[in-house]
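# Structure assessment
The primary structure of each chain is shown beneath.
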Amino acid sequence: MAEAPIIELTNIVKSFGPVSVLKGVNLRAYPGKVTALVGDNGAGKSTLIKGLAGVQPYDSGEVRFAGEAVHLHSPREASRLGIEVVYQDLALCDNLDIVQNMFLGREELGFGTFDEGLMEREAAETLRQLSVRTVSSVRQKVSSLSGGQRQTVAIARSVLKKAKVVVLDEPTAALGVAQTEQVLELVGRLAEQGVAVILISHNLADVFAVADYISVLYLGQMVASVKAEDTNRDDIVGYITGSKTYNGVQA
Amino acid sequence: MTIGAPSQAPDPTPTDVLATRSTAELIGSGQEGTVMDQARAYLQRVRHGEMGALPAIGGFVVLSIMFAILSPFFLTERNFANLLTQAATLVMLGMALVFVILLGEIDLSAGVTSGLTMCIFVVLVNVNGFNWMLALLIALLTGVAIGTFIGFFVARVGIPSFVVTLGLFLGFQGLELIIIGSGGLYRVQTPEILSIMNANMPVWAGWAMLAVILAVSLGTSLWDRARRTRAGVPNRTIALVWIKLGVILVIGGVVVALLSNDRGTGFKPVSGVPIVVPITLAILWAGTFVLDRTKFGRYIYAVGGNAEAARRAGVKVVLIRWTAFIVCSTLAVISGLFSISKVGSVDAAAGRDIVLSGVAAAVVGGVSLFGGRGRLLHAAIGALVIAVITNGLGLLNLPAGVNYVVTGAVLILAATVDAVSRVRAGGSLTRR
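Every value quoted in this text rests on a predicted model; they were computed, and no experiment measured them. (Residues numbered from 1 in each chain as written. Chains lettered and ligands numbered in written order. Predicted model: local features only at pLDDT ≥ 70, side-chain atom pairs only at ≥ 80, totals over all residues. Heavy atoms only, no water.)

## Quick notes on the sheet that holds strand E4 (residues 60-65) of chain A
Residues and elements named next belong to chain A. Our working rule: A pair of strands is considered paired only if DSSP assigns at least 2 bridges between the two. The way it works is that DSSP assigns letters per residue, a run of H or I at least four long becomes a helix, a run of E at least two long becomes a strand, and they are numbered from the N terminus. Orientation is described by lines fitted to C-alpha atoms, with helices fitted over the stretch in contact, and by angles between N-to-C directions that extend from 0 to 180 degrees. Whether two residues are in contact is decided by their heavy atoms: any pair within 4.5 Å suffices.
Here we have four strands laid out as an open sheet, ordered E2-E1-E4-E5, and antiparallel in their pairing. Each of the sheet's edge strands pairs with one partner strand only, and the pair in question is strand E2 (19-29) and strand E5 (68-70). Averaged over neighbouring strand pairs, the angle between their axes works out to 30° when direction is ignored. Of the strand pairs in this sheet, strand E1 (residues 7-16) and E4 are connected by five bridges, and their pairing is antiparallel. Among the inter-strand pairings, Ile7 is bridged to a residue of E4, identified as Phe65. The strands touched by helix H1 (residues 45-52) within the sheet are E1 and E2, with E1 carrying the most contacts at an inclination of about 115°.

What follows is the structure in structure tokens.
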């Protein structure tokens, strides 16, 4: 491996009472690469992500961020390290504009009041770095945006403050064909910026379109971690459903 | 089109893009263009349902023209001054309620909060001989305490605000009865309180007030523009600043000029802007400043728009809700102060009837009961609409019942406009 993983989970365990959801999971994500996390419903994807976000800390296991052991015990800690999660149900306020949404909770102040110009410039710059052309004005209300545009704003929000790891939870689930394409392009550009992207998706076409690595969770265990170019759709479906076993080296 | 793997795609480094394109060229900020472009953009927003106070302003103009035709007294200086003082209590209560309505909450106890705190005030002054300023401070602190109480049960315990404040609406009527006594009535004996509604500033002070408003408006506009320039983002064309100042100058000028004429009926001339006007404008300005330019204000809108999104963004949702109820109850005390200044006495039913008019004022002015949309100015304009209905119908000597029927009809009309504009803005009719 040319580059070291920015985030490395080793032997992660999490249970809710008697129900063991994660049974010693390993996961790596590399800067500038898209790592797809796939698995059937109930495989433990959400639990794994909530641990990364610091919302539900893991019971045991090691988390290394840029080689250093860290404890993700709160959302604040995760976001301090530069781990951002874009949830499936978009966390945007319809009644606010794009800039206000991107800066929500971390507004730039000067003399105790908003520095709107500064926020507007940073928002526009972030969108430009992601080559977003689908919005005409950063002062548009989110209520006037399409599903794809909203997803774009949510992703742009996550990288506004130089995120190192961005987790996208089913970003294309509710989108049409053209908008899905736009969002996938955006995922690619996110990785170009050097961000380690972890993409959760049920849509294998999307996964193969953008992912560099594919990690498959099956009943709380990581059954395969492979380079996208070294595998194919049938194999991945097999790993997801448990009908095939991966015997190669874990990438 | 295929989606290239990241490594194959061209690499647009930020510096490179910066060198070739300015921010404005790629993504606009809605600030560009001439006055006509801005006007078109505004019309576009209105068509998409962001009407703000436009329907209320239209309603105010139409009602004023109608009453001017129907009653020769409507357009007199005396009636105009009367209209302003009649509206002031409702303007204040409407503005108080905006803080909780923006959260999608309601405070049905705001009216009786104003009544109860004034009962306490007047008893402290008249019976216990307190200094009026100390009594007023106690009344305000009681308002803070009431807001803290409501906020605790709504924001912390999670009881719907409708239920908590309905309970207080009933309970406070009982407390008023206990404090004042059934059938009791206390006269307001504090000249400073009475002068709020019944005394006027000198004529020169009215013009000075207008000059201060213009200066503050110009100052904030230029300050904002300087800040945007420093950040390197485009400003709206400066012509808009002059247009805004022109509008303030014309409307304010007409109002101050009318109020500067002698409107006395007896031997003593009466002229000048009523003292309540600058007090109300100062609170309107301060509240708008907080809502538009500070984190607390922005988070009120965010929580009202999508509380879960606000929570995930790190906003302390409980604290914001809690504080908004405190602000509402405290401003309600000031509306109570205006009310007793106008009426001149306090009885055990103080503030019982006004709260729904306050909610109506906010809604008529364009504040959405669904939360997240509306401004303090909207509630003030809505209150003026309701006051003009009461005032005009009163001049026509119509039975009091007509007043309620017309006000109710206007409220339903306004709520319909709100709901329909929500649909056009892309939302749904029901609260999500």
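## Brief notes about the pattern of salt bridges
Keep this limit in mind: Each salt bridge in this description consists of a side-chain nitrogen of Lys or Arg and a carboxyl oxygen of Asp or Glu lying within 4 Å of one another.
One pass over the structure, following the stated rule, counts 20 salt bridges over all chains. For the salt bridge of A:Lys14 with A:Asp59, the shortest nitrogen-to-oxygen distance reads 3.8 Å. Of the two residues, A:Lys14 is situated in strand E1 and A:Asp59 in the loop between H1 and E4; the sequence distance between them amounts to 45 residues. Here A:Glu62 ties to A:Arg64 by a salt bridge, and the two come within 3.4 Å at their closest N and O atoms. What you see here is one network of salt bridges that share partners, running through A:Asp97, A:Glu116, A:Glu120, A:Arg139, B:Arg228 and B:Arg298.

## A few points about the interface of chain B and chain A
Rules: Two parts placed together each lose some accessible area under a 1.4 Å probe, and adding up what both lose gives the buried area. Amino acid classes used here: Ala, Val, Leu, Ile, Met, Phe, Trp, Tyr, Cys and Pro are nonpolar; Asp, Glu, Lys and Arg are charged; the rest, including Gly, are polar.
Each side of the interface is counted separately: chain B has 45 residues, and chain A has 51 residues. For the pair chain B and chain A, the summed buried surface comes to about 4,100 Å²; carbon and sulfur atoms form 55% of the total. The interface formed by chain B and chain A includes two salt bridges. For A:Glu116, the salt bridge is made with B:Arg298, and the minimal N-O distance between the two is 2.9 Å. Mapped onto the side of chain B that touches chain A, the elements with two or more residues apiece are helix H1 (14-20), helix H2 (23-26), helix H10 (203-231), helix H12 (276-293), helix H13 (295-305) and helix H14 (307-312) of chain B. For the side of chain B that touches chain A, the per-class residue count stands at 23 nonpolar, ten polar and twelve charged.

## Observations concerning the pairing of strand E11 (residues 213-218) of chain A
Residues and elements named next belong to chain A. Quick note on the threshold: Throughout this description, buried means an accessible area under 20% of the type-specific maximum (1.4 Å probe, protein chains only), exposed means over 50%, and partly exposed covers the range between.
Judged by how many residues are buried, E11 sits mostly within the fold: five of six residues are covered. Sheet topology note: the strand E3 (residues 34-39)/E11 ladder contains five bridges and is parallel. Across the sheet, Ala36 pairs through a bridge with Ile214, a residue of E11. Two elements, E11 and strand E12 (residues 221-227), share six bridges in a ladder whose sense is antiparallel.

## Quick notes on the nonpolar core
We apply this condition: Joining through side-chain atoms within 4.5 Å is the link that ties buried Ala, Val, Leu, Ile, Met, Phe, Trp, Tyr and Cys residues into a set, and such a set is a nonpolar core.
One finds A:Leu104, B:Leu97, B:Phe121, B:Ile300, B:Val315, B:Phe338 and B:Val346 to be the most contacted residues of the largest nonpolar core, which totals 114 residues. When residues in this core are grouped by element, the largest group, 17 residues, is from helix H5 (residues 77-101) of chain B.

## Here's the deal with the sheet that holds E3(A)
Residue and element names in this part refer to chain A. Reading across the sheet, the six strands line up as E6-E9-E10-E3-E11-E12 and stay open at both edges, with mixed pairing between neighbours. Because the sheet does not close on itself, it has two edges, and the strands there are strand E6 (83-86) and E12. Strand-to-strand twist of the sheet, defined as the mean angle between neighbouring strand axes without regard to direction, takes the value 20°. Running over the sheet, helix H5 (residues 147-159) touches E6 and strand E9 (165-169) and is turned about 170° from E6.

## Description of the packing of helix H4 (residues 54-70) of chain B against helix H17 (residues 376-395) of chain B
Residue and element names in this part refer to chain B. Cut-off, in case you're wondering: Should an angle fall under 35 degrees it is called roughly parallel, over 145 degrees roughly antiparallel, and 65 to 115 degrees roughly perpendicular, with every other angle called oblique. Should the near helix be turned counterclockwise from the far one by less than a right angle, the crossing is left-handed, whereas a clockwise turn marks it as right-handed.
Axis separation between H4 and H17 bottoms out at 9 Å; the angle between their running directions is 15°. Relative to H17, H4 is oriented roughly parallel. H17 is crossed by H4, and the crossing has left-handed handedness. Across the interface between the two elements, Ala56, Ile57, Phe60, Leu63, Ser64 and Phe67 of H4 pack against Ile381, Leu384, Val385, Val388, Ile389, Gly392 and Leu393 of H17.

## Re the side chain of A:Thr35
Residues and elements named next belong to chain A. With respect to the helices, strands and loops of the structure, Thr35 is situated in strand E3. Since its relative accessible area comes to 1%, Thr35 is described here as buried. With near-sequence residues (within four places) excluded, Thr35 lies in contact with Leu27, Arg28, Ala29, Tyr30, Val197, Ile198, Leu199, Tyr213 and Ser215.

## With respect to helix H6 (residues 177-192) of chain A
Residues that lie three or four places apart on an α-helix share one face, since the helix turns once every 3.6 residues. All names here are of chain A. The condition is simple: Given a helix with a known number of residues, its expected span is that number minus one, times 1.5 Å.
Its 16 residues give H6 an end-to-end C-alpha distance of 23 Å, which sits within 8% of 22 Å, the value for a rise of 1.5 Å per residue. Of the surrounding elements, those touching the buried residues of H6 are E3, H5, E9, strand E10 (196-200) and helix H7 (204-210). Just downstream of H6, Gly194 is the residue with a positive phi angle, here 95°.

## Section: the confidence of the model for chain B
All names here are of chain B. The condition that has to hold: Values of pLDDT, ranging from 0 to 100, describe the predictor's confidence in every residue of the model.
Counting all residues, the mean pLDDT for chain B is 88, and 92% of those residues have values of 70 or more. Throughout residues 1-25 the model reports pLDDT below 50, and contacts reaching past four residues in sequence, or to other chains, amount to 29 contacts. Contacts for the low-pLDDT stretch residues 428-432, under 50 throughout, to residues beyond four places or in other chains number nine contacts.

## A look at unusual backbone geometry
All names here are of chain A. The phi angle at Asn11 is positive, at roughly 55°, despite the residue not being glycine. Within the secondary structure layout, Asn11 lies in strand E1. Despite not being glycine, Ser131 shows a phi value in the positive range, around 55°. Structurally, the position occupied by Ser131 is in the loop between helix H4 (116-129) and H5.

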